Amino acid sequence: MILSPAVLSFARQHRGLITLRAWTDAGHARSSFQRAVRAGALQPVQRSIAALPGTVLGPCHDVSAAVLLLGSDVLVSHRTSAWRWGADIVPRRPVELISTRADRRSRLPGVVIHHPDDRMLLRPRIVGGLPLTAPARTLLDVGASDVDAVIPTLEALVRDGLTTVPAILAALERRRRRGRPGVRPLERAIEELGGVVTDSELENVMRRLFRRTGIDGWTFHELVDGYEVDFCFPDRRVVVEVDGWLFHAASRDRWEHYLERDAYLQARGWLIAHYSWRMLTRRPDQCAGLLRSTLREREAFSRRE
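From a predicted model like this one, the values you see are computed outputs, not experimental measurements.

### As for the sheet that holds strand E13 (residues 238–243)
And step 1. Judged by pairing direction, the sheet is mixed, and its 4 strands sit side by side in the order E9-E12-E13-E14 without closing on themselves. Two strands close off the open sheet at either side, each with one partner strand: strand E9 (219–220) and strand E14 (271–276).
And step 2. For E13 and E14, the ladder comprises 6 bridges, and the chain directions are parallel. Looking at E14, one finds that Val-239 is bridged to Ile-272.

Following this line, the structure appears as C-alpha cells:
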C-alpha cells in the first residue's frame with residue numbers, strides 16, 4: 001500500500017505513529033486503516049492508532065499514543081513526566097496523564113488519567129513534542145504517588161538546569177498553605193540532598209565531627225594558593241570540602257569554578273577530599289575513618305619523600 005504524503009508527514013512528526021483521524025483527514029477510507037494493519041502495512045499500537053512498518057516501538061510511543069488519542073486537554077504527568085524530564089527511573093506502565101477536564105476518563109489499556117486537586121502549575125511544557133507538567137508540579141505529583149522517585153527526579157531537574165531550589169521552595173510554600181499531598185516527601189528529599197543547608201551549617205557539622213573523633217591539625221577557611229577552602233591540613237597538603245549537592249548543582253558556573261580550583265590545587269600537590277551533606281549526616285563515622293586514612297597516607301608519603 002502506498003501511503004499519502006500527508007500520512008507520512010504526520011508520522012514523521014509523531015515518532016512514526018499515525019492516528020485513524022490523521023488517516024481519514026489525508027483522504028484514506030476509514031475501513032482501509034484496519035486493512036492496512038492486517039496486511040502489515042501498518043503496525044498496531046493502540047485503538048485507532050498504528051505505526052509505520054519498521055518503527056521500533058518503545059515506552060515513548062506508549063506515551064505519544066496516549067496523548068494523541070486523548071487530545072489537547074491532557075498533560076503527561078507524575079512518574080511518566082519525571083521519566084521524560086530525564087529522571088533516572090525505569091519507565092513502566094501505566095502511562096500517567098493529568099486532565100484539566102473533570103469528566104475525562106481513560107479506557108485505553110495501560111493508561112491512567114489523574115484529575116488535579118488544584119490547577120497550580122498546570123501550564124504544559126513541551127518536551128520532545130509531548131506536553132509535560134512543569135518541573136515543580138511533576139515533583140509534587142511524584143511526591144504524592146511514588147516517594148522512591150522523588151530524589152532521582154529532583155536530582156535530574158536541578159542538575160540539568162530545568163528548575164532551581166528557590167523555585168521549588170516557592171512552589172512548596174504555595175502548595176503547603178493549601179495542605180496538598182506531595183509536599184512532605186519533596187521537603188524530605190531536599191533535606192536529604194542538603195538543598196536548604198547553608199555552607200555554615202555544613203561546616204559546623206564537619207567541625208563537630210572533627211572534635212568528636214579527635215581529628216586535629218586543621219585550619220578553617222584558609223587561603224590555599226589563592227583559593228579559599230573549607231578546611232585545610234597544611235602539614236599534609238590535604239584540603240577538605242563539604243558540599244551541599246543541590247547548592248553546587250544549581251549553578252553550572254559555580255560547579256565549573258570548583259572543578260577548575262580542584263584541578264589547580266591538585267596540580268600544586270594538594271589532595272582534595274569532598275564530603276556531602278548526606279555522607280556527613282548518615283555515615284559520619286565512615287567519613288571520619290576515610291579522612292583519617294587519607295591523612296595517614298599523606299603523612300607516610302611525606303616521610304618517604
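### Here we look at helix H9 (residues 183–192)
Spacing of three or four residues puts side chains on the same side of an α-helix, whose turn is 3.6 residues.
And step 1. All of the buried residues along H9 are Val-183, Pro-185, Leu-186, Glu-187, Ala-189 and Ile-190.
And step 2. One or two positions beyond H9, positive phi appears at Gly-194, with a value near 75°.

### Comments concerning the sheet that holds strand E2 (residues 43–46)
And step 1. Ordered by their spatial adjacency, 3 strands build an open sheet running E1-E3-E2, and the pairing between neighbours is antiparallel. The open sheet has two edge strands with one neighbour each: strand E1 (17–19) and E2. Neighbour-to-neighbour, the strand axes of the sheet open up by a mean angle of 35°, direction not taken into account.
And step 2. When E2 meets strand E3 (residues 49–51), the two strands line up antiparallel, connected through 3 bridges. Directly across from Gln-43, in E3, lies its bridge partner Ala-51.
And step 3. Lying over the sheet, helix H4 (residues 59–70) contacts E1, E2 and E3, oriented at roughly 20° with respect to E1.

### Some points on the pairing of E13
And step 1. The buried count for E13 comes to 6 of 6 residues, which makes it a mostly enclosed element.
And step 2. Judged by which residues are buried, E13 turns out to be covered on both faces: Val-238, Val-240 and Val-242 on one side and Val-239, Glu-241 and Asp-243 on the other are all buried.
And step 3. Both strand E12 (residues 231–233) and E13 contribute to a ladder of 3 bridges, which runs antiparallel. From the neighbouring strand, Phe-233 faces E13, where its bridge partner is Val-238.
And step 4. Following E12, the chain reverses through 4 residues before pairing antiparallel with E13; Arg-237 in that reversal takes a positive phi of roughly 55°.

### Considerations on the side chain of Arg-298
And step 1. Relative to the helices and strands, Arg-298 is located in helix H14 (residues 284–304).
And step 2. Separated by 3.1 Å, the side chain of Arg-298 and the backbone oxygen of Arg-237 make a polar contact.
And step 3. Setting aside residues no more than four positions away along its own chain, Arg-298 makes contact with Arg-236, Arg-237, Val-238, Gly-269, Trp-270 and Leu-271.

### Considering the nonpolar core
And step 1. One finds Leu-97, Leu-154, Ile-168 and Leu-186 to be the most contacted residues of the largest nonpolar core, which totals 35 residues.
And step 2. With 19 residues, the next largest nonpolar core counts Val-205, Phe-231, Val-240 and Leu-280 among its residues.

### A closer look at the confidence of the model for the protein chain
And step 1. Residues of the protein chain with pLDDT of at least 70 account for 92%, and the chain-wide mean is 87.
And step 2. Here helix H11 (residues 245–249) is the element of the protein chain with the lowest mean pLDDT, 59, and helix H5 (residues 78–85) is the one with the highest, 96.

Procedures and definitions
- Each chain has its residues counted from 1, running along the sequence as written.
- Per-residue local features of the predicted model are confined to residues with pLDDT of at least 70, and side-chain atom pairs are confined, for both listing and counting, to 80 or more; whole-chain, interface and lining totals are unaffected and use all residues.
- Hydrogens and waters are ignored; side-chain quantities use all the structure's heavy atoms.
- What makes two strands pair is DSSP finding at least two bridges between them.
- Counting from the N terminus, the helices are the DSSP runs of H or I reaching at least four residues and the strands are the DSSP runs of E reaching at least two.
- The buried label applies to any residue whose accessible area, calculated with a 1.4 Å probe on protein chains only, is under 20% of its type's maximum; exposed applies above 50%, and partly exposed to all values in between.
- Here, axes are lines fitted to C-alpha atoms. For helices the fit covers the stretch in contact, and angles between N-to-C directions go from 0 to 180 degrees.
- We call two residues contacting when some pair of their heavy atoms lies within 4.5 Å.
- Think of a polar contact as two N or O atoms within 3.5 Å of one another; within protein, one of them needs to be a possible hydrogen donor and the other a possible acceptor, and neighboring residues in sequence only count if both atoms come from side chains.
- To qualify as a nonpolar core, a set must consist of buried Ala, Val, Leu, Ile, Met, Phe, Trp, Tyr and Cys residues joined through side-chain atoms within 4.5 Å.
- What pLDDT expresses is the predictor's confidence in each residue, scored from 0 to 100.

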